[in-house]
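Observations on chain architecture
Letter by letter, the chains look like this.
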Amino acid sequence: MSNDAAGRQTRFIVLLGALVALGPLSIDGYLPGLPDLAGDLRASAAATQLTITACLAGLAIGQLIAGPLSDTYGRRRPLLAGLALYTIASALCAVAPDVRTFVGLRLVQGIGGAFGIVIANAMVRDRTSGTRTARLFSALTLITGLAPVFAPVLGGQLLRVTAWPGIFVALAVLGAVMLAASAAGLPETRSSASRQPLLAVVGQLLSDRVFTGYVLANGLVFAAMFAYISGSPFVLQELHGLSPQQYSAVFAVNAAGLIAAAQISGRLVARAPKPTPTTRIQRSG
């Protein structure tokens with residue numbers, strides 16, 4: 001591989017990594033400022049926690065939209081549209097006049113951020129195969145796991161020099177940078193011949209029992225995790241007196257533990273004996 005080709009490949013991977021990090025940054029970056037946000041918008045703790053749920057719901061809804069759209073219309077146009085939506089919603093979050101408006105904007109922000117997550121993974125499948133695909137997916141998964149560790153830390157440091165709206169200004173700037181970088185540096189990776197009608201793509205997903213089963217199981221796991229995420233800023237900062245910076249450090253330790261557990265479980269699964277047809281029959285009986 002030439003130096004020029006290697007450079008393009010490196011830029012491609014860096015851009016994809018930044019795209020998958022948008023979602024975790026949007027969810028966790030403002031957590032240290034959540035109690036201050038509640039006071040400024042005169043919102044209850046429950047209403048403030050709903051702002052996290054709204055972003056998470058947007059990420060879920062956005063993935064359902066982005067996947068079929070990118071299979072039908074190619075990767076670039078939906079990606080750029082999603083990043084533009086994310087940037088605008090992030091900027092408006094910084095000037096939201098009340099918590100209801102803020103919740104709605106967080107939903108839109110999540111939808112826009114989901115386009116980056118879905119299409120980044122789709123581009124990996126378009127451009128690579130075999131062990132190369134596995135390595136890139138592993139790198140993107142690591143970024144997805146590390147982003148929640150660093151997001152509250154970065155948010156806590158930003159709160160030293162600005163109030164919570166400044167975090168959303170920073171997210172808007174990041175979205176604009178990603179929009180410009182993606183427009184300039186990410187090529188179309190899905191050929192016209194491989195595109196499918198939109199309704200056909202949606203129908204295939206909804207009729208796949210294995211797919212829907214994994215989605216439901218994963219959703220329940222994330223529901224438990226986000227119950228902790230939404231409640232911990234108030235418990236640790238208001239009840240236990242932690243500063244935003246101390247809270248971000250505690251959250252980083254929690255996230256690091258999740259990453260470590262995921263790595264350990266992956267190694268254990270690889271070492272576990274594969275069930276034979278006989279054992280499967282015995283278990284079912």
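Structure shown above.
Report on the accompanying structure.

Criteria and thresholds
Residues numbered from 1 in each chain as written. Predicted model: local features only at pLDDT ≥ 70, side-chain atom pairs only at ≥ 80, totals over all residues. Heavy atoms only, no water. Helix = DSSP H or I, 4+ residues; strand = E, 2+ residues; numbered from the N terminus. Buried < 20%, exposed > 50% of the residue type's maximum accessible area, 1.4 Å probe, protein only. Contact = heavy atoms within 4.5 Å. Areas by Shrake-Rupley, 256 points an atom, 1.4 Å probe, with all protein chains shown as cover. Salt bridge = Lys/Arg side-chain N within 4 Å of Asp/Glu carboxyl O. Axes fitted to C-alpha atoms, helices over the stretch in contact; angles between N-to-C directions. Parallel < 35°, antiparallel > 145°, perpendicular 65-115°, else oblique. Left-handed = near helix turned anticlockwise from the far one by under 90°. Nonpolar A, V, L, I, M, F, W, Y, C, P; charged D, E, K, R; others polar. Phe/Tyr/Trp six-rings, centres within 6.5 Å; stacked < 30°, edge-to-face > 60°. Expected span 1.5 Å × (residues − 1). Core = buried A, V, L, I, M, F, W, Y, C linked by side-chain atoms within 4.5 Å. Patch = residues over 30% accessible without salt bridge, like charges linked within 9 Å, V, L, I, M, F, W, Y side chains within 5 Å.

1. So, the overall build of the chain
- Across its full length, the chain holds eleven helices and zero strands.
- Along the chain, helices (α) and strands (β) appear in the sequence α-α-α-α-α-α-α-α-α-α-α when read from the amino end.
- Split into buried and exposed, the 285 residues of the chain put 40% on the buried side.
- Pairs at least 24 apart in sequence give 82% of the contacts found in the chain among residues at least 6 apart.
- As displayed, the chain offers around 15000 Å² of accessible surface, 67% of which is attributable to carbon and sulfur atoms.

2. Overview of the pattern of salt bridges
- Here the structure, examined in full by the defined rule, presents two salt bridges.
- Between Asp 71 and Arg 75 there is a salt bridge; the shortest N-O distance is 3.0 Å.
- Overall, the relative accessible area of 19% leaves Asp 71 in the buried class.
- Several salt bridges converge on common partners, so that one network encompasses Asp 71, Arg 75 and Asp 126.

3. Quick notes on the packing of helix α4 (residues 76-93) against helix α5 (residues 99-127)
- Look at α4 against α5: their axes get within 8 Å of each other, and the N-to-C directions meet at 150°. Between α4 and α5, the crossing angle belongs to the class labelled roughly antiparallel. As α4 runs across α5, the sense of the crossing is left-handed. Residues Pro 78, Leu 79, Gly 82, Leu 83, Leu 85, Tyr 86, Ala 89, Ser 90, Leu 92 and Cys 93 of α4 pack against Phe 102, Leu 105, Arg 106, Val 108, Gln 109, Ile 111, Gly 112, Gly 113, Phe 115, Gly 116, Ile 119 and Met 123 of α5.
- When grouped by side-chain class, the residues that make up the contact of α4 with α5 number 15 nonpolar, six polar and one charged.

4. Examining the packing of aromatic side chains
- Counted under the stated rule, the structure contains five aromatic pairs.
- Consider the rings of Tyr 30 and Phe 102, whose centres lie 6.4 Å apart with planes at 55°: the pair is tilted. Of the two residues, Tyr 30 sits in the loop between α1 (3-28) and α2 (34-40) while Phe 102 sits in helix α5, which places them 72 residues apart along the sequence.
- For Tyr 30, a relative accessible area of 1% gives the class buried.

5. Things to note about helix α7 (residues 164-185)
- The terminal C-alpha atoms of α7, which comprises 22 residues, lie 32 Å apart, in line with the 32 Å expected from a rise of 1.5 Å per residue.
- All of the buried residues in α7 are Trp 164, Gly 166, Ile 167, Phe 168, Leu 171, Ala 172, Gly 175, Met 178 and Ser 182.

6. Notes on the nonpolar core
- In terms of nonpolar packing, the biggest core is built from 55 residues, with Leu 16, Leu 19, Tyr 30, Phe 102, Phe 168 and Leu 186 touching the most fellow members.
- At 13 residues, α5 tops the list of elements feeding residues into this core.
- Among residues more than four places away in sequence, those in contact with Phe 168 are Tyr 30, Ser 90, Ala 91, Cys 93, Ala 94, Phe 102, Arg 106 and Gln 109.

7. Thoughts on a nonpolar patch on the surface
- Taken together, the side chains of Ile 61, Leu 64, Ile 65 and Leu 107 present a nonpolar region at the surface, about 320 Å² in accessible area.
- When residues of the nonpolar patch are assigned to their parent elements, the largest contribution, three residues, is made by helix α3 (residues 45-73).

8. A short note on the side chain of Thr 87
- Here Thr 87 is to be found in helix α4.
- According to the relative accessible area criterion, Thr 87 is buried, its value standing at 15%.
- In this view, Thr 87 contacts Ala 172, Gly 175 and Ala 176; residues no more than four positions away in its chain are not counted.

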